[in-house]
Amino acid sequence: MVDMPGEPFFRPDGDLLVPAPHASSPWSDQMMHGRLFGGLLARALEVEHGAEEFRFARLTIDLFRSATLDPVRVETQRVRDGRRIRVADATVYQGEKAVARASSVQLRAGEQPEGEVPTTQPWSMPEVTELGTPQSPPGKWEAPFDIWMVDDSGALTDWSQAGARRAWLRDTHDLVKGESMSPFVRTATAADFASPLANMPEGGDLGFINADYTLTLSRMPVAPEIGMEATGHLSDTGIATASTTFHDAEGPFGYCNVTAVATPPMS
């Protein structure tokens, strides 16, 4: 169990999940943060469709409608249940309106095939215990997670740096009151940060808001700290796509790809 010092983002009320004030987004203090939809969708899929013999290998989160700080509910559906694959979907509703959805693929764990495959290499970044106090993101919004941004040498830096971006992120609030975040839920919640990490211009005025993100995972992280390394950004006519690699203390464990659309920068 990981100790979370902050108040949870939601409290359960029957089938509803009631958000706390700090569930708000940096885009507006009246808008629920999209990262929390990722967490809620992963939570529901894991509880209702997870199994010990399967591993979540892919999770796609579609963020197609903003939501206010009002109660939400999550519904799921089993799409396919095979011997080696399980597919399930989930949707977040606010009232009768769908605000976000997820599709997931679980694969049955088994023996690793023989032979050497060219593999993504571990990064050489220091762990958070060596980096000191977490940093604050730009702007007035107070992030409900710890963040350490590092440059190519492993020294602390900020959004103004040129070149590839790397960061460690650690959540400081549980998602739902009375529950500890599982590694899968923690990763799905943190993964929304892949968009600003890869799409933020030098200086810190984010001009893209993500429409989705897709996680592909070979395993789950072994610790609360999740490392992210931006590995690509392309944009044209206000449409962006970006890619990141996810790391933990033992090495890389997955990738996250995002799409985003131009929007007025955060105030």
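Anything mentioned here points back to the structure above.
First, a word on scope: everything that follows refers to the structure included in this document.

Procedures and definitions
- Residues numbered from 1 in each chain as written.
- Predicted model: local features only at pLDDT ≥ 70, side-chain atom pairs only at ≥ 80, totals over all residues.
- Heavy atoms only, no water.
- Helix = DSSP H or I, 4+ residues; strand = E, 2+ residues; numbered from the N terminus.
- Buried < 20%, exposed > 50% of the residue type's maximum accessible area, 1.4 Å probe, protein only.
- Contact = heavy atoms within 4.5 Å.
- Salt bridge = Lys/Arg side-chain N within 4 Å of Asp/Glu carboxyl O.
- Pairing = 2+ DSSP bridges.
- Phe/Tyr/Trp six-rings, centres within 6.5 Å; stacked < 30°, edge-to-face > 60°.
- 1 Å grid on protein atoms, 1.4 Å probe; cavity = no way out; pocket = protein on both sides within 12 Å on 5 of 7 lines; lining within 4 Å.
- Points joined across faces, edges and corners; volume = space filled by probe spheres on them.
- Axes fitted to C-alpha atoms, helices over the stretch in contact; angles between N-to-C directions.
- Polar contact = N/O pair within 3.5 Å; in protein donor to acceptor, adjacent residues only side chain to side chain.

Quick notes on the side chain of Thr-91
Here is step 1 of the chain: Its place among the elements puts Thr-91 in strand S5 (residues 85-94).
Here is step 2 of the chain: Taking the relative accessible area as the measure of exposure, Thr-91 reaches 18% and is therefore buried.
Here is step 3 of the chain: Discounting residues that sit within four places of it in the chain, Thr-91 has contacts with Leu-41, Arg-73, Val-74, Glu-75, Ala-98, Ala-100 and Arg-101.

Notes on the pattern of salt bridges
Here is step 1 of the chain: Applying the stated criterion to the full structure yields 11 salt bridges.
Here is step 2 of the chain: Here Arg-170 and Asp-146 are joined by a salt bridge, their closest N and O atoms 2.9 Å apart. Taken together, the residues Arg-170 in strand S8 (residues 166-171) and Asp-146 in strand S7 (residues 145-150) connect sequence positions 24 residues apart.
Here is step 3 of the chain: Under the relative-accessibility criterion, Arg-170 is labelled partly exposed at 23%.
Here is step 4 of the chain: In this structure, Arg-166 engages Asp-152 in a salt bridge whose closest nitrogen and oxygen atoms are separated by 2.6 Å. Taken together, the residues Arg-166 in strand S8 and Asp-152 in the loop between S7 and S8 connect sequence positions 14 residues apart.
Here is step 5 of the chain: By relative accessible area, which is 13% here, Arg-166 ends up buried.

Overview of the pairing of strand S11 (residues 239-248)
Looking down a regular strand, the side chains alternate between one sheet face and the other.
Here is step 1 of the chain: S11 sits mainly inside the fold: seven of its 10 residues count as buried.
Here is step 2 of the chain: Two strands pair when backbone bridges link them, and strand S10 (residues 226-236) and S11 are joined in this way by nine bridges, in the antiparallel orientation. Looking across to S11, one finds that Gly-232 is bridged to Ser-243.
Here is step 3 of the chain: Between the end of S10 and the start of S11, which pair antiparallel, lie two residues, with Thr-237 showing a positive phi angle near 50°.
Here is step 4 of the chain: Note that S11 and strand S12 (residues 251-262) share 10 bridges and pair antiparallel. From the neighbouring strand, Thr-241 faces S12, where its bridge partner is Thr-259.
Here is step 5 of the chain: In textbook terms, the turn of a hairpin is the stretch between consecutive antiparallel strands, and for S11 and S12 this stretch comprises two residues.

Let's talk about the packing of aromatic side chains
Here is step 1 of the chain: Evaluated as defined, the whole model comprises four aromatic pairs.
Here is step 2 of the chain: With centroids separated by 5.1 Å and ring planes inclined at 65°, the aromatic side chains of Trp-123 and Trp-168 adopt a geometry described as edge-to-face. Linking Trp-123 in the loop between strand S6 (97-108) and S7 with Trp-168 in strand S8, this pair joins segments that are 45 residues apart in sequence.
Here is step 3 of the chain: With a relative accessible area of 3%, Trp-168 lands in the buried category.
Here is step 4 of the chain: Measuring from centroid to centroid gives 6.1 Å for Phe-246 and Phe-253, while their planes differ by 75°, and the two rings are edge-to-face.
Here is step 5 of the chain: A residue is classified by how much of its surface remains accessible, and Phe-246, at 0% relative accessible area, is buried.
Here is step 6 of the chain: Residue classification places Phe-253 among the buried positions, given a relative accessible area of 1%.

Re the layout of surface pockets
Here is step 1 of the chain: If you add up the space inside the second largest pocket, you get close to 430 Å³.
Here is step 2 of the chain: Lining the second largest pocket we find 17 residues, and of these Gly-110, Glu-111, Gln-112, Pro-113 and Ser-218 sit closest to its centre.
Here is step 3 of the chain: When residues of the lining of the second largest pocket are assigned to their parent elements, the largest contribution, three residues, is made by strand S3 (residues 54-63).

Points about the sheet that holds strand S9 (residues 208-217)
Here is step 1 of the chain: On the basis of which strands lie adjacent, the open sheet formed by 10 strands has the order S4-S5-S6-S3-S9-S12-S11-S10-S8-S7 and antiparallel pairing. Strands with a single pairing partner mark the edges of an open sheet, and in this sheet they are strand S4 (73-81) and S7. Strand-to-strand twist of the sheet, defined as the mean angle between neighbouring strand axes without regard to direction, takes the value 20°.
Here is step 2 of the chain: Pairing analysis gives four bridges linking S8 to S10, with the strands arranged antiparallel.

Quick look at the side chain of Asp-171
Here is step 1 of the chain: Structurally, Asp-171 is set in strand S8.
Here is step 2 of the chain: By relative accessible area, which is 5% here, Asp-171 ends up buried.
Here is step 3 of the chain: A polar contact is formed between the side chain of Asp-171 and the side chain of Arg-35, at a distance of 3.0 Å.

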